[in-house]
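# Examination of the molecular architecture
Here are the chains, one letter per residue:
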Amino acid sequence: MYTKSKPFLLHAITSVHAGSGSEIGLVDLPIQREKHTGFPKIESSSLKGAIRYAMEPKCVDTEEMKKFELIFGSKPGRNESDTQSSAIAFSDARLLLFPVKSMRGIFAWITCPQVLNRFNDELTLNQSNADTLLVPEPNSVSSDRLLVSNNRIVLEEYSFEVKESKKAQMLANQLSNLIKQDLQIDLLDRIVVLDDDDFSDFVKLSTEVNARIKVNPNTGTVDEGALWYEENVPPETIFYSFLYLGKVRGKGIEGMESDEDVEKYLIEENRFPSVFQLGGNSTLGRGMLRKIWV
């Protein structure tokens, strides 16, 4: 039973490929998506595995490794009498803000009422102390910086009639206050609240799709059948997730028994990685995510 929850954001520093396996279609290696909405996501198992992988090398002695396994669970392959279940869990990372190319201002962060309402609902369900976000009406912007003419913006190749809204400005301020200590990019002039359907179209059609090849070292040409297409979530995408904490299962050790001990180890002692790699293409410098506590 988990007794505490801690919301946090994930900011994509680079392109991120949290893969869902191969498919027969235009994209050979697609990203993970919610089945009912089609929105990009990062599954909790992928998230937890990446964070564990980032933290484990810092356990320099037996005592430290014991605490680590009391929190994250024992490694596979242990004897049944020596296995340990995890004291923490993660929710799937869901989409909050998605970056889209803009004719003015370089790019905009788009969201929609459905996404904002779901974020607020999950904060409430998890009894978080964080303030819920305002939900402006669709087709509103936080600033006139993105406007190409009176009340019009151009995102990708699509033009939208919008209006500068006080609620959108207040939403931008709320979001900026959440991340300003961790992210040196100003959200205040970049927030666009679209209609749910328009937002859905962008997050389905405006991800990165890259062609990848394998070159034959003998001929210097592409190996036969070694061309594939791979989907990525673009840099600047912002997800949200929840860290759930409980007491150590079974008998712990001194200093690692209660949910307060788990929280102290991960958060107060700042062991939770501020930046970590997730997904494929780690040797290409992709998958870098920044953690931001809410």
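Scroll up a little and you will see the structure.
Calculation rules
- Residues numbered from 1 in each chain as written.
- Predicted model: local features only at pLDDT ≥ 70, side-chain atom pairs only at ≥ 80, totals over all residues.
- Heavy atoms only, no water.
- Helix = DSSP H or I, 4+ residues; strand = E, 2+ residues; numbered from the N terminus.
- Rg over C-alpha atoms; globule rule 2.2 N^0.38 Å.
- Buried < 20%, exposed > 50% of the residue type's maximum accessible area, 1.4 Å probe, protein only.
- Contact = heavy atoms within 4.5 Å.
- Pairing = 2+ DSSP bridges.
- Patch = residues over 30% accessible without salt bridge, like charges linked within 9 Å, V, L, I, M, F, W, Y side chains within 5 Å.
- Areas by Shrake-Rupley, 256 points an atom, 1.4 Å probe, with all protein chains shown as cover.
- Salt bridge = Lys/Arg side-chain N within 4 Å of Asp/Glu carboxyl O.
- Polar contact = N/O pair within 3.5 Å; in protein donor to acceptor, adjacent residues only side chain to side chain.

## A closer look at the overall build of the protein
- In terms of regular secondary structure, the protein is built from six helices and 15 strands.
- Taking 19 Å as the expected radius of gyration for a compact globule of 294 residues, we find that the protein reaches 21 Å, a close match to that expectation.
- If one aligns the C-alpha atoms of the protein with their principal axes, the spans along those axes are about 65 × 60 × 35 Å.
- In the protein, which comprises 294 residues, the share counted as buried stands at 47%.
- Of all intrachain contacts in the protein linking residues separated by at least 6 positions in sequence, the fraction that spans at least 24 positions is 67%.

## Some remarks on the pairing of strand β11 (residues 208-215)
- Strand direction decides the pairing type here: β11 and strand β12 (residues 222-232), joined by seven bridges, are antiparallel. Counterpart to Val-215 in the pairing with β12 is Val-222.
- With antiparallel pairing between neighbouring strands as the criterion, β11 and β12 make up a hairpin whose turn holds six residues, including Gly-220 at a positive phi of roughly 75 degrees.

## Observations regarding a nonpolar patch on the surface
- Residues Val-209, Ile-213, Val-215, Val-222, Leu-227 and Tyr-229 make up a contiguous nonpolar surface patch of about 510 Å² in total accessible area.
- Where the nonpolar patch is concerned, the elements lending two or more residues are β11 and β12.
- Along the chain, Leu-227 falls in strand β12.
- Judged by relative accessible area, Leu-227 falls into the partly exposed class, the value being 47%.

## Digging into the side chain of Ser-142
- Locating Ser-142 in the fold gives a position in the loop between β6 (140-141) and β7 (152-155).
- In this structure the side chain of Ser-142 is engaged in a polar contact, spanning 2.7 Å, whose partner is the backbone oxygen of Leu-188.
- Ignoring anything within four residues of it in the chain, the contact list for Ser-142 reads Glu-164, Ala-168, Gln-169, Ala-172, Leu-187, Leu-188, Asp-189, Arg-190 and Ile-191.

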